[in-house]
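# An overview of the molecular structure
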Protein chains: 2
Amino acid sequence: MSEKIGFIGLGRMGLPMSYNLLRAGYDLTVHNRSQEKVRQIADAGAIAASSTAEVMERCDIVLACLPDVETCEAVLLGDDGALPNARPGQIIVDHSTVGASTSKACAAAAEERGAMFLDAPISGGTERATDGTLTIMVGGPDEAYARVQPAFDVMGAVVRHVGPTGSGTAAKLVNQLLVGVHKVAAAEAMLLAAKSGADPALVFELVNSGWGQSFILGRNAPAMLDRDFEGIRTQVRVFLKDLGLIQEMARDLETPIPGGDLAYRLFSEAVEQGLGDMDGAAIVLPMEEEAGFQIRRK
Amino acid sequence: MSEKIGFIGLGRMGLPMSYNLLRAGYDLTVHNRSQEKVRQIADAGAIAASSTAEVMERCDIVLACLPDVETCEAVLLGDDGALPNARPGQIIVDHSTVGASTSKACAAAAEERGAMFLDAPISGGTERATDGTLTIMVGGPDEAYARVQPAFDVMGAVVRHVGPTGSGTAAKLVNQLLVGVHKVAAAEAMLLAAKSGADPALVFELVNSGWGQSFILGRNAPAMLDRDFEGIRTQVRVFLKDLGLIQEMARDLETPIPGGDLAYRLFSEAVEQGLGDMDGAAIVLPMEEEAGFQIRRK
């Protein structure tokens, strides 16, 4: 535990991740825009820093977990941000979901200062962040990965170094691509089942025990059956943001993603129709309107 | 075991299903176009009938498992077929994957003769047919379901009566809709991962342990990584046939299935490009050609 760790961004994911590092015995310095969460974890033993620059000064490894590309670029690449204040040998790790271009710009900025950068997006939600069982997908240099791996293992259960800079970000976007297309599939499948006159709850049980099974169907079909579109899981507009990053990635890589294009279009339309704050399962609502029929538990 | 059972169609699924009925002690009469399989199961104790009409004469409950809509309609609805030869109280069960219109025509023909009809498509492949652990999705009258349920339980592990006539067929097509869209998602996700520079096998491991997971991704991603498109699982052209039935169903029900439409288009194009005899995972090949890049295990 010789490495001093810094954590920037104590949100829904960052706060439980920080607690796990603290419990594992790390010397932890934290920074967050809102001070309430800083005080909370400082009471538990973390050192509160008043700026990103202060975190950079105190720590060997600095992790960031930020809500969107804009915040991420401001905190990591801005004049007072992490990377322009990096020093040789220091490692900066980004757990945010961003595009490959952001990850590559961060890696370039780190290299300029003799520091190292890892893109390390996470998956699994607040529950798995709390349990320290996240999926962590890491891209970047071997040397940096080897040094941060013990900390990753404290926060995650499935931790993989998938390739060079940008690979972690790519893996996360590929995950979101699957999630997006599976959400569309779950919505139209449940609607077709219900409108056919079959019991949609029984059809769900059958197909989810068979070849039609997916993690997303298991989460979203019950929400559709119970008309539960307000529970905060992943909002339509947050999800659309990820689908936009996937569009950018596929364009840059000149790779066709017909399912991803479809999901992007449907989620865009859902936001235009005012469904942006609802859970992603609400992607079924415009389809139901078109069919003139609602899925319901019998 | 007072009910005498008939089985028409001793194919890849029908033969192991028949063996399970025989082993459970049923008085079983079988009929099949090719005589080799008839002799095989007759040696094990089944009674060989020389025509569908003879099966109808000998049995109380007659099950059919046929490869396509044309064969199914000929055997069940044709002049010498099962339903025009049905008698009051007799039950005819169709395990084939057909469209709702075929199931409804069968039910009407049964009713005309005072008989009963169940549409009862199956899922799970030859392995689960052999183990007697199929998923069986049943539509039709309660009285008929109650009488056939003991036989279903011999052949299947997940057996559900999902609603009136056509509901079993609907459930099966909903399953195939999910499978089709998930195949498209798996293909484009694996291609995007590989072309990004990440290790596609590691990305597969990560996303399939996370929210991107699906049964189909678990089956198809390894085939793509190992370039195994010739193994006989489900051929592209067989799958396209199901996607065509789903198109018909969605049109009849006036229900949008944007993902299903996309899968139908991509599988049609794949057949046009000569990939019809390959396994469904080959849906990735036209995408790879467009991207100028092949997925490979590193």
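A brief look at the structure comes next. Being a predicted model, the structure only gives us computed values, none of them experimental.

## Some remarks on the nonpolar core
Leu76(A), Val174(A), Leu192(A), Phe267(A), Leu76(B), Val174(B) and Leu192(B) are the most contacted members of the largest nonpolar core, which totals 166 residues. Excluding its chain neighbours within four sequence positions, the residues that come into contact with Leu192(A) are Val174(B), Leu177(B), Ile246(B), Met249(B), Ala250(B), Leu253(B), Thr255(B) and Ile257(B).

## Regarding the interface of chain A and chain B
Quite often, the size of an interface is put as the accessible area lost when its parts meet. Across the boundary between the two partners, chain A contributes 66 residues, which contact 66 residues of chain B. Regarding the contact of chain A and chain B, the summed buried area is about 5500 Å², with carbon and sulfur atoms giving 69% of it. In this structure, the connection of chain A to chain B is made through two salt bridges. Across the pair Arg160(A) and Glu205(B) runs a salt bridge whose closest N-O atoms are separated by 2.4 Å. There are 17 residue pairs in polar contact (both at pLDDT 80 or more) connecting chain A and chain B. For the side of chain A that touches chain B, the secondary-structure elements that each account for two or more residues are strand 8 (134-139), strand 9 (156-163), helix 8 (167-195), helix 9 (200-207), helix 10 (215-225), helix 11 (236-252), helix 12 (258-272) and helix 13 (284-291) of chain A. Here the side of chain A that touches chain B gets 19 residues from one element, more than from any other, and that element is helix 8 of chain A. Looking at side-chain class alone, the side of chain A that touches chain B contains 39 nonpolar, 18 polar and nine charged residues.

## Here we look at the packing of aromatic side chains
The relative placement of two aromatic rings is captured by the distance of their centres and the angle of their planes. Residues and elements named next belong to chain A. Taken as a whole and judged by the stated rule, the model has six aromatic pairs over all chains. Ring centres of Phe239 and Phe267 lie 5.2 Å apart, and the angle between their planes is 45°; this geometry places the pair in the tilted category. Note that Phe239 is positioned in helix 11 and Phe267 in helix 12, a separation of 28 residues in sequence. According to the relative accessible area criterion, Phe239 is buried, its value standing at 2%. You can call Phe267 buried: its relative accessible area is 0%.

## Points about the relation of the copies chain A and chain B
When chain A is brought onto chain B, the operation consists of a screw motion whose angular component is 180° and whose axial shift is 0.0 Å, with 0.0 Å RMSD remaining. Expressed as an axis order, the relation between the two copies is that of a two-fold axis. Considering only C-alpha atoms, the part of chain A nearest the rotation axis is Ser214(A), at 2.0 Å.

## With respect to the environment of Ala157(B)
All names here are of chain B. Within the secondary structure, Ala157 sits in strand 9 (residues 156-163). Residues Ala157 and Thr135, 22 residues apart in the sequence, show an inter-C-alpha distance of 6.2 Å. Residues contacting Ala157, with those up to four places away along its chain left out, are Gly132, Thr133 and Leu134.

Cut-off values and rules
- Residues numbered from 1 in each chain as written.
- Chains lettered and ligands numbered in written order.
- Predicted model: local features only at pLDDT ≥ 70, side-chain atom pairs only at ≥ 80, totals over all residues.
- Heavy atoms only, no water.
- Core = buried A, V, L, I, M, F, W, Y, C linked by side-chain atoms within 4.5 Å.
- Buried < 20%, exposed > 50% of the residue type's maximum accessible area, 1.4 Å probe, protein only.
- Contact = heavy atoms within 4.5 Å.
- Buried area = accessible area lost by both parts, 1.4 Å probe.
- Salt bridge = Lys/Arg side-chain N within 4 Å of Asp/Glu carboxyl O.
- Polar contact = N/O pair within 3.5 Å; in protein donor to acceptor, adjacent residues only side chain to side chain.
- Helix = DSSP H or I, 4+ residues; strand = E, 2+ residues; numbered from the N terminus.
- Nonpolar A, V, L, I, M, F, W, Y, C, P; charged D, E, K, R; others polar.
- Phe/Tyr/Trp six-rings, centres within 6.5 Å; stacked < 30°, edge-to-face > 60°.
- Least-squares fit on C-alpha atoms with pLDDT ≥ 70 in both.

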